[in-house]
Amino acid sequence: GDHRDLHLSIRRQRQMCIRDRLVTFISSFVAVPVGLAVAIYLAEYAPDTVRRILRPILEVLAGIPTVVYGYFALTFVTPLLKIVFPEMIIFNALSAGLVMGIMIIPFVSSLTEDALISVPNSLRQASYALGATRFETSIKVVVPAALSGIIAAFILGLSRAIGETMLVTIAAGATPRLTFNPIESIQTMTAFIVQLALGEAAHGSVEYQSIYAVGILLFVITFSMNTLGHWIVRRWRNVY
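So, here's what we can say about the structure.

The rules behind the values
- Residues numbered from 1 in each chain as written.
- Predicted model: local features only at pLDDT ≥ 70, side-chain atom pairs only at ≥ 80, totals over all residues.
- Heavy atoms only, no water.
- Helix = DSSP H or I, 4+ residues; strand = E, 2+ residues; numbered from the N terminus.
- Buried < 20%, exposed > 50% of the residue type's maximum accessible area, 1.4 Å probe, protein only.
- Contact = heavy atoms within 4.5 Å.
- Areas by Shrake-Rupley, 256 points an atom, 1.4 Å probe, with all protein chains shown as cover.
- Salt bridge = Lys/Arg side-chain N within 4 Å of Asp/Glu carboxyl O.
- Core = buried A, V, L, I, M, F, W, Y, C linked by side-chain atoms within 4.5 Å.
- Polar contact = N/O pair within 3.5 Å; in protein donor to acceptor, adjacent residues only side chain to side chain.
- Patch = residues over 30% accessible without salt bridge, like charges linked within 9 Å, V, L, I, M, F, W, Y side chains within 5 Å.

**Concerning the overall build of the chain**
(1) Moving on: For the chain, the helix and strand inventory stands at ten helices and zero strands.
(2) Moving on: Counting from the amino terminus, the chain carries its helices and strands in the arrangement α-α-α-α-α-α-α-α-α-α.
(3) Moving on: When burial is assessed residue by residue, the chain has 42% of its 240 residues classed as buried.
(4) Moving on: Long-range pairs, those at least 24 residues apart, make up 75% of the contacts in the chain with a sequence separation of at least 6.
(5) Moving on: Within the structure as shown, the chain displays about 12900 Å² of accessible surface, and the carbon and sulfur contribution to it stands at 68%.

**Digging into the pattern of salt bridges**
Think of it this way: side chains of opposite charge can pair up when their charged atoms draw near.
(1) Moving on: Tallied over the full model, the rule gives three salt bridges.
(2) Moving on: For Glu44, the salt bridge goes to Arg124, with nearest N and O atoms at 2.8 Å. A residue pair is termed long-range when its members are at least 10 positions apart, and Glu44 in helix α1 (residues 2–45) and Arg124 in helix α5 (residues 121–129) qualify at 80 residues.
(3) Moving on: Taking relative accessible area as the criterion, Arg124 reaches 8% and is therefore assigned buried.
(4) Moving on: Across the pair Asp48 and Arg51 runs a salt bridge, and its minimum N-O distance is 2.8 Å. Placement of both Asp48 and Arg51 in helix α2 (residues 48–63) is noted, with a separation of three residues, approximately one turn of the helix.
(5) Moving on: On the basis of relative accessibility, which here comes to 16%, the residue Arg51 falls in the buried class.

**Concerning the side chain of Glu113**
(1) Moving on: Inspection of the secondary structure puts Glu113 in helix α4 (residues 93–117).
(2) Moving on: For Glu113, a relative accessible area of 5% gives the class buried.

**Brief notes about the environment of Thr169**
(1) Moving on: Among the structural elements, Thr169 can be located in helix α8 (residues 166–171).
(2) Moving on: Put simply, Thr169 and Thr188 are 19 residues apart on the chain and 7.8 Å apart in space, counted from C-alpha to C-alpha.
(3) Moving on: Aside from chain neighbours lying at most four places away, what touches Thr169 is Ala191 and Val194.

**Considerations on the nonpolar core**
(1) Moving on: Counting residues in hydrophobic clusters, the biggest one holds 49 residues, and the most contacted among them are Met100, Leu116 and Leu167.
(2) Moving on: Looking at this core, the elements that each hand over two or more residues are α1, α3 (66–84), α4, α6 (134–145), α7 (147–162), α8, α9 (189–196) and α10 (206–236).
(3) Moving on: Per element, the largest residue contribution to this core is eleven residues, and it comes from α4.

**What to know about the side chain of Ser127**
(1) Moving on: Summarising the element assignment, Ser127 is placed in helix α5.
(2) Moving on: Classification of Ser127 by relative accessible area gives buried; the value is 7%.
(3) Moving on: A distance of 2.8 Å separates a polar atom in the side chain of Ser127 from a polar atom in the side chain of Thr137.
(4) Moving on: In this view, Ser127 contacts Ala132, Thr137 and Val141; residues no more than four positions away in its chain are not counted.

**Brief notes about a nonpolar patch on the surface**
(1) Moving on: A contiguous nonpolar surface patch, about 580 Å² in accessible area, is contributed by Phe72, Phe76, Leu80, Ile83, Val84 and Ile102.
(2) Moving on: A per-element tally of the nonpolar patch places α3 first, with five residues.
(3) Moving on: With respect to the helices, strands and loops of the structure, Phe76 is situated in helix α3.
(4) Moving on: We classify Phe76 as partly exposed; its relative accessible area is 45%.

**Focus on the environment of Ser95**
(1) Moving on: Locating Ser95 in the fold gives a position in helix α4.
(2) Moving on: Given the relative accessible area of 0%, Ser95 is considered buried.
(3) Moving on: Spatially, the C-alpha atom of Ser95 lies 5.8 Å from that of Ala73, the residues being 22 residues apart in sequence.
(4) Moving on: Setting aside chain neighbours within four positions, we find Ser95 in contact with Ala73, Val77, Thr78 and Leu81.
(5) Moving on: Separated by 3.0 Å, the side chains of Ser95 and Thr78 make a polar contact.

The following block contains the structure:
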C-alpha cells in the first residue's frame, strides 16, 4: 500500500511539472515579446518625460499583490476568453498563463532595459554613421550587444512565474489532470502545496511528505534557472 501511494505521488509530481510548464509556456508568449518591446522603447525611443511616466507605472504593476492578479484573471480575463472559447470552464490554464505573463512583464522589461542601456553609445553612433535607421540600430546592433543580459532577464522572469502561487491557485483551479489543453482546469505544483497544506494531510503520510518533495523539486527548478541566468551573463557578457 505504501509503495503504491509513493508511486502515485511520484506520478502526480511528474504531472504537476508538465502542468507548470504549460502555464509558464503560455506566460512566456506574453511576457517575452511585450517585455522586450517595452524595454526597447524605453531605452531607445522614449523621451525623458515619457520614460519618467512609464517606469513608475511598471513599478506599480510589479507591486500589485498576486491575489489581485488571480481575481483579475478569474473575473475579467476568463469571461472575455469564454467569448472566443465557449466550452472553456471558469478555472483554466490559459487565463492564468496570460495574466501571469502580464504580471512578469515589469521584471522582464526592467532587467532588459538595464541590459540595453549598458550598451555604449559609440556603437549606436557608428551604426547611424553607416546609414542605419534607429529601428535597424536597435534590432541589429543594440539587442545583439546586450543579448546575454536579455536572455538572463527572460530566464529570471520565467523562474518568477514558475514559483507563483496565489494566481494559479485562484485562476487555474485545483484539478489534478494531466493535459496540454489550456482551456481546462489544472493544478500546478504550488497549488498542490496550498491544497495539502490546509491540514487535510495526516502527519507522516505520503501526502504529507509529498508536500516537502514538491517544495524541494520547485526549489531545484527555480534555483537551476537562476543559476543558468547568472552563468549566461558571465559566459557571454560583452565588456566594452
